[in-house]
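A structural walkthrough
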Amino acid sequence: MSNLRNVAVVGFAQAPIVTRDLHRTSQDMLYPQVRRALDECGVSRDDIDYQVAGSSDYIDGRPFGFVMALDVMGSWPPRQDLHVEMDAAFAAYYAWLRMQAGDCDTAIVCGYGKSSEGDLDRVLNLQLDPFYFGAIGLDPVATSALQASAFMEHSKKSDHDFAAIAARNRAAGVRNPDALLREVADPEVLSESEWVTGPLRRGYMSPYGETAVCLVLAAEGKAEAMCDRPAWIHGLDQRIEMQNIGARNLATSAGAQLATQKALAMAGLTAVKDCDFVELSATNPAEEMILCQAMDIDPEEERPVINPSGGPMCGNPIMMTGLIRLGEVFRQLSGRAGDHAVAGAQRGLAHAASGHCLQQNLVFVCGSERRWT
Amino acid sequence: MKRPVAVVGVGQTHHSARRADVSIAGLVREAVDRALLDAGLEHKDIDAIVIGKAPDQLEGVMQPEQYLAGALGAHMKPLLRVHTAGSVGASTALAAVTHVASGLFERVLTVAFEKQSEGNAMWALSPSLPFTPPLVAGAGGFFAPYCRAYIAKTGAPPHIGPMIAVNARENAMRNQYAHLREPVTLEEVTESFMLWEPIRYLETCPSSDGAVAMVLASEEAAKQGPRKPAWVKAGYSYAEAMWVPGRDQVSPRAGRDCVKHVYETAGITDPWNQIDTAEIYVPFSWFEAMWLENLGFCEEGEGWKVVDRGDQKFGRHLPINPSGGVMCTNPIGASGMLRLGETALQVMGRAGEHQVEGCKTALGHAYGGGAQYFAIWIVGDEM
Amino acid sequence: MSQPPETPIKYIESAIRLPYHHVAGDYRARYLRALRDKKILGSRCAATGKVFVPPIMSAPHSFAPADEFVELADRGVVTTYCVVNIPVIGREVELPYVAASVALDGADISIFAMLQECKAEEARMGMRVEAVWKPDGERTGDHTDILYFRPTGEPDAPRASFINRL
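Fair warning: this is a prediction, and the values are worked out from it, not measured in the lab. (Residues numbered from 1 in each chain as written. Chains lettered and ligands numbered in written order. Predicted model: local features only at pLDDT ≥ 70, side-chain atom pairs only at ≥ 80, totals over all residues. Heavy atoms only, no water.)

1. Describing the overall build of chain B
Each helix and strand counted, chain B has 13 helices and 11 strands in total. Here the C-alpha radius of gyration of chain B, 19 Å, is about what a compact globule of 383 residues would show, namely 21 Å. Taking the principal axes of its C-alpha atoms as reference, chain B extends roughly 55 × 45 × 40 Å. The buried share of chain B, taken over its 383 residues, is 70%. By sequence separation, contacts in chain B at least 24 residues apart represent 78% of the contacts at least 6 residues apart. Accessible area for chain B stands at about 11,200 Å²; split by element, carbon and sulfur atoms hold 51% of it. (Helix = DSSP H or I, 4+ residues; strand = E, 2+ residues; numbered from the N terminus. Rg over C-alpha atoms; globule rule 2.2 N^0.38 Å. Buried < 20%, exposed > 50% of the residue type's maximum accessible area, 1.4 Å probe, protein only. Contact = heavy atoms within 4.5 Å. Areas by Shrake-Rupley, 256 points an atom, 1.4 Å probe, with all protein chains shown as cover.)

This is the structure we're talking about:
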């Protein structure tokens, strides 16, 4: 592959995830994060070439709801802009493509949305095709449970294994000041929590939350002045599968596997274990295990560390979960991960997912050094 | 834009009030299949899919691209879903251009659609924002006051809006895919029901079901194709905040900045004479006059005179919306891409009955939100 | 059911009912509560002094905070309007009615409002209007506390005074 442009994450601002913010609209939550991200990079809004955001009208409960975010992103004078109806991680993916096309050198990527305003499980039922799967009332818990069940059958993993993974994530969340759940959870207690939809117990589920995030990307030549230790993007790829959960092998994630292979190839790596840590958008232990298998990660090994931030099981702000994973990779590589830092981290992988049963997967591989010279 | 990007195929559905003969997937496939056929390609040749549509509440399916992934041939491919309100079809096409220009993808399928008969479009377009009094039903209620402001500012005579409507229908008669194709007379328009003064019923866009798709390709891939492609000379999407004090909603700055950038990159210094045709987003008659000015085709205040003289009619100096435009066909998510797709057909010489003779350079335009989002491109018959 | 239906099933109907509970945000909440006291609040941009109504946390043109609250008059000028002949969802109103953009005195942007006590053909750009409030005791701190705007009878405002507050 011929040389691509080196692009780095140079900034990331996030408010702590909360269950429900009673005082702020999603625009009110976003504005301070955009300001902070720019301030920390030492730039003004006018220094940024491009803005792109990810959010969902159905989660906002307003058709065209995302339009209001323009007013708090510094959209004056008029800016080059795009909005995707996807997790903001895909907005970052697009911004990276624009940099490769030579269309911009700097970009802000925003994620916002208040999942507390609607009944999220009912809303997400609408993602399913209206004739069959949606019509029978499947919600994301049910579809996750179907996948977890298929996985358990295939892998012979048990409820006990689920509890251990959930407890590990929760323990990590204690050290992440932005997580929603910040208390240690005893795996015994988790494995006695009530069934939500078997085989998923309450203790294994990701609590929905809300926050706002702003991530800053910059190309080589600009990145160096904006951050002392940028997180350089070495490779990325995304893949969607067909939705029909009856037609897919739910025990595996073919899309995550392919996206990971492609991202690693671009990064010049052969295996994910060449990364020091991974941040996976796994909303329950089965998803985490499925993704580890797809990415050929052996969870028994010390490296890569899985979800040093605690991951979505410590707080799932839905349309931003994936971008936060990339933000966490930035924090680790730039030495800003505080108490949840992975010692000596030089390479990390961020994963974002969309749709039921890991239908779409996006993988970023980042490193402390530039990829192409 | 580092690398040349070409349009190598265009396909669209027959647009109508209600495509009861196909599901959402069927509607989208009609456009996709036609685009692939047009390009001489198969699904396996496509490297990525970029899809756009307007609010999901219009069909009652959230992120329908997930349900449509199989129908789009997107299985195990990269897919991006764009949403920038009314301009979405155009900004989606531009996002697809970026995919090719990045060098990462050789051939990208881009699709835009709306099957708004499946939901309640009026409800979806009249969002009752919490804590805000509901004031008007429909998008027209928001824009009509600015049409009035334009008329007051320019002293335009009242027949201009109706003239635009008559002309749009005349154009649509030459477009086999258009939704509204029956001609109307000036009297019929002037006597039609006044919805939000000054906008009458026959000066308003319909609610349509429809889809459109294009295949964008790299230089190398384009040269392998069966036809002469349309080359993207420039394309940008801009947005501006809503509540800027003194914001000009008659000639929004985002539109002016966007088109200026497009002209600069495309090397256009005299749009009126260098552009052979333009497909611009006119959902309510008066916007045609307003956008002629905003796009720099004429001086400020002169847009209505262009219409009065008929210079923008088919066969005249600068035919505007030879396809009939949004006033004759409006599947909201698709309309922006229809504008851009029509310009590609024009410079490829494949616009059939509504072909503008000798068209070499065409401008495609769309807008959305409270006149905040603008996505514009120029295509030419040479790289 | 042992036999497939005689005619193929072509359509399904699905009614979607989703409850949403929206947070007003402190800025909007304060604005709404003030309506109960017949006060209209705006907020001022820290960098440029422009005033926004309803109040917002940040000014879109300057990207600066707009956290200083100011009180505005309950009267202003119609900057532009349209006459509406179709009913609006969620509201009982006689047709035709005038939907107007009203720039309150002291504000740098307009609010949308309904005009009443004014024949549709009498509405005009530059017309001075005032708020008509729900009577004392009936106001609850909701946007319906302002029933509508009506002409004050004052001479029209000069075009220059409102043309930038459309």
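2. Regarding the layout of surface pockets
Residue and element names in this part refer to chain A. By volume, the second largest pocket is sized at about 690 Å³. In this structure, the second largest pocket is lined by 34 residues; those nearest its centre are Pro 140, Tyr 208, Thr 283, Asn 316 and Ile 318. With 4 residues, the single largest contributor to the lining of the second largest pocket is helix H5 (residues 140-155). Taken together, the residues of the lining of the second largest pocket break down into 14 nonpolar, 15 polar and 5 charged. (1 Å grid on protein atoms, 1.4 Å probe; cavity = no way out; pocket = protein on both sides within 12 Å on 5 of 7 lines; lining within 4 Å. Points joined across faces, edges and corners; volume = space filled by probe spheres on them. Nonpolar A, V, L, I, M, F, W, Y, C, P; charged D, E, K, R; others polar.)

3. Details of the sheet that holds strand S2 (residues 51-52) of chain C
Residues and elements named next belong to chain C. One open sheet accounts for 3 strands, arranged S2-S1-S3; its pairing is antiparallel. A strand with exactly one partner marks an edge of an open sheet, and here the two such strands are S2 and strand S3 (68-72). Looking at chain direction, strand S1 (residues 40-44) and S2 are connected through 2 bridges and run antiparallel. Note on S2: the bridge partner recorded for Ser 43 is Phe 52. Its contacts with the sheet put helix H1 (residues 25-36) on S1 and S3, and the angle it makes with S1 is roughly 150°. (Pairing = 2+ DSSP bridges. Axes fitted to C-alpha atoms, helices over the stretch in contact; angles between N-to-C directions.)

4. Considerations on the interface of chain B and chain A
With 57 residues of chain B in contact, the opposing surface of chain A contributes 59 residues. Taken together, the two surfaces of chain B and chain A that pack against each other cover about 5,100 Å², and 64% of this comes from carbon and sulfur. When the area that chain B buries against chain A is broken down by residue, the three leading residues are Met62(B), Gln66(B) and Met76(B), summing to 15%. One can count 0 salt bridges joining chain B with chain A. Our enumeration of links across chain B and chain A arrives at 22 residue pairs in polar contact (both at pLDDT 80 or more). At 6 residues, helix H3 (residues 88-101) of chain B tops the list of elements feeding residues into the side of chain B that touches chain A. Looking at the side of chain B that touches chain A, its residues break down into 32 nonpolar, 16 polar and 9 charged. (Buried area = accessible area lost by both parts, 1.4 Å probe. Salt bridge = Lys/Arg side-chain N within 4 Å of Asp/Glu carboxyl O. Polar contact = N/O pair within 3.5 Å; in protein donor to acceptor, adjacent residues only side chain to side chain.)

5. Thoughts on a nonpolar patch on the surface
A contiguous nonpolar patch, built from Phe131(A), Tyr132(A), Ile9(C) and Ile12(C) and spanning about 450 Å² of accessible area, is present on the exposed surface. Note on Ile9(C): relative accessible area 67%, which makes it exposed. (Patch = residues over 30% accessible without salt bridge, like charges linked within 9 Å, V, L, I, M, F, W, Y side chains within 5 Å.)

6. Description of the interface of chain A and chain C
Each side of the interface is counted separately: chain A has 31 residues, and chain C has 19 residues. With both sides pooled, the region where chain A packs onto chain C buries about 2,200 Å², and carbon together with sulfur makes up 61% of that total. Broken down residue by residue, the surface that chain A buries against chain C is led by Tyr31(A), Glu117(A) and Arg122(A), which jointly contribute 25%. Those elements giving two or more residues to the side of chain A that touches chain C turn out to be helix H1 (26-41), helix H2 (57-60) and helix H4 (120-125) of chain A. Tallying contributions element by element places H1(A) first for the side of chain A that touches chain C, with 5 residues. Here the side of chain A that touches chain C is built from residues that sort into 13 nonpolar, 5 polar and 13 charged.

7. Examining unusual backbone geometry
Note that the residue after Trp76(A), namely Pro77(A), is joined by a cis bond; omega there is 0°. The omega torsion of the bond from Leu95(C) to Pro96(C) falls at -10°, within 30 degrees of zero and hence cis. Unlike most non-glycine residues, Lys156(A) shows phi in positive territory, near 65°. For Lys156(A), the position within the fold is in the loop between H5 and helix H6 (159-173). One non-glycine residue with positive phi stands out, namely Glu117(C), at about 55°.

8. With respect to the side chain of Glu59(B)
Tracing the backbone shows Glu59(B) in the loop between strand S2 (48-52) and helix H2 (64-68). Discounting chain neighbours no more than four positions away, the residues touching Glu59(B) are Ile24(B), Lys53(B), Phe113(B), Glu114(B), Lys115(B), Gln116(B) and Glu118(B).

9. Focus on helix H9 (residues 253-266) of chain B
All names here are of chain B. With 14 residues, H9 extends 20 Å between its outermost C-alpha atoms, agreeing within 8% with the 20 Å of an ideal straight helix rising 1.5 Å per residue. Looking only at H9, the buried set comprises Ala 254, Gly 255, Cys 258, Val 259, Val 262, Tyr 263 and Ala 266. One face of H9 carries all of its buried residues, which in axial projection span an arc of 160°. When the buried face of H9 is taken as reference, the exposed residues oriented beyond 90 degrees from it are Lys 260 and Glu 264. On its buried face, H9 is in contact with strand S8 (230-239), helix H10 (271-274), helix H11 (287-294), strand S10 (361-368) and strand S11 (373-380). Immediately beyond the C-terminal end of H9, within one or two residues, lies Gly 267, with a positive phi of roughly 75°. (Expected span 1.5 Å × (residues − 1). Arc of directions from axis to C-beta.)

10. What about the pairing of strand S5 (residues 194-197) of chain B?
Two strands pair when backbone bridges link them, and S5(B) and strand S6 (residues 199-200) of chain B are joined in this way by 2 bridges, in the antiparallel orientation. Within the sheet, the bridge partner assigned to Trp196(B) lies in S6(B) and is Ile199(B). The antiparallel hairpin formed by S5(B) and S6(B) contains 1 residue in its connecting segment. Relative to strand S4 (residues 75-84) of chain C, S5(B) is paired through 2 bridges, and the arrangement is antiparallel. Bridge pairing links Glu197(B) to Val83(C) in S4(C).

11. Some points on the pattern of salt bridges
Residues and elements named next belong to chain A. Summed over the entire model, instances satisfying the criterion amount to 58 salt bridges over all chains. Between Arg 62 and Glu 117 there is a salt bridge, with its nearest N and O atoms 3.7 Å apart. Remark: Glu 117 occurs in the loop between strand S4 (106-111) and H4 and Arg 62 occurs in the loop between H2 and strand S3 (79-84); sequence separation between them is 55 residues. Judged by relative accessible area, which is 14%, Arg 62 ranks as buried. Using a relative accessible area of 4% as the deciding quantity, one classes Glu 117 as buried. As a salt-bridge pair, Asp 276 and Arg 303 come within 3.0 Å of each other at their nearest N and O atoms. Within this pair, whereas Asp 276 is found in the loop between helix H9 (254-267) and strand S9 (277-279), its partner Arg 303 is found in the loop between helix H10 (285-294) and strand S10 (305-306), the two being separated by 27 residues in sequence. With a relative accessible area of 14%, Asp 276 lands in the buried category. Given a relative accessible area of 33%, Arg 303 falls into the partly exposed group.

12. Concerning the nonpolar core
Leu217(A), Phe364(A), Val7(B), Phe297(B), Leu363(B) and Phe149(C) are the most contacted members of the largest nonpolar core, which has 235 residues in total. Among the elements that line this core, the one with the most residues is helix H3 (residues 88-100) of chain A, at 11 residues. Listed in part, the 40 residues of the second largest apolar core include Ile165(A), Ala167(A), Leu190(A) and Cys275(A). (Core = buried A, V, L, I, M, F, W, Y, C linked by side-chain atoms within 4.5 Å.)

13. Some details on the environment of Ile163(C)
All names here are of chain C. Turning to its location among the elements, Ile 163 is positioned in the segment after helix H2 (159-162). Note on Ile 163: relative accessible area 27%, which makes it partly exposed. Ile 163 sits 21 residues away from Asp 142 along the chain, and the two C-alpha atoms are 29 Å apart.

14. Structural notes on the packing of aromatic side chains
For the structure shown, the criterion picks out 23 aromatic pairs over all chains. Here the aromatic rings of Phe142(B) and Phe143(B) are separated by 5.0 Å at their centres, their planes lie at 90°, and the arrangement is edge-to-face. What makes Phe143(B) buried here is its relative accessible area of 8%. Between Tyr150(B) and Trp286(B), the ring centres sit 6.3 Å apart and the planes meet at 55°, which makes this aromatic pair tilted. Here the residue Tyr150(B) occupies a position in helix H5 (residues 139-154), and Trp286(B) occupies one in the loop between strand S9 (277-279) and H11, the gap between them amounting to 136 residues. Look at Tyr150(B) and you get buried, because its relative accessible area is 1%. Judged by relative accessible area, which is 2%, Trp286(B) ranks as buried. Connected via pairs of aromatic rings, a cluster forms that spans Phe142(B), Phe143(B), Tyr146(B), Trp196(B), Trp243(B), Tyr281(B), Phe284(B), Phe287(B), Trp291(B), Tyr367(B), Phe374(B) and Phe112(C). In this structure, Arg148(B) is placed above the aromatic ring of Tyr81(C), and the distance from its NZ or CZ to the ring centre is 3.8 Å. When the ring centre of Phe69(C) is taken as origin, the NZ or CZ atom of Arg30(C), which lies over that ring, is 3.7 Å away. (Phe/Tyr/Trp six-rings, centres within 6.5 Å; stacked < 30°, edge-to-face > 60°. Lys NZ or Arg CZ within 6 Å of the ring centre and 35° of its normal.)

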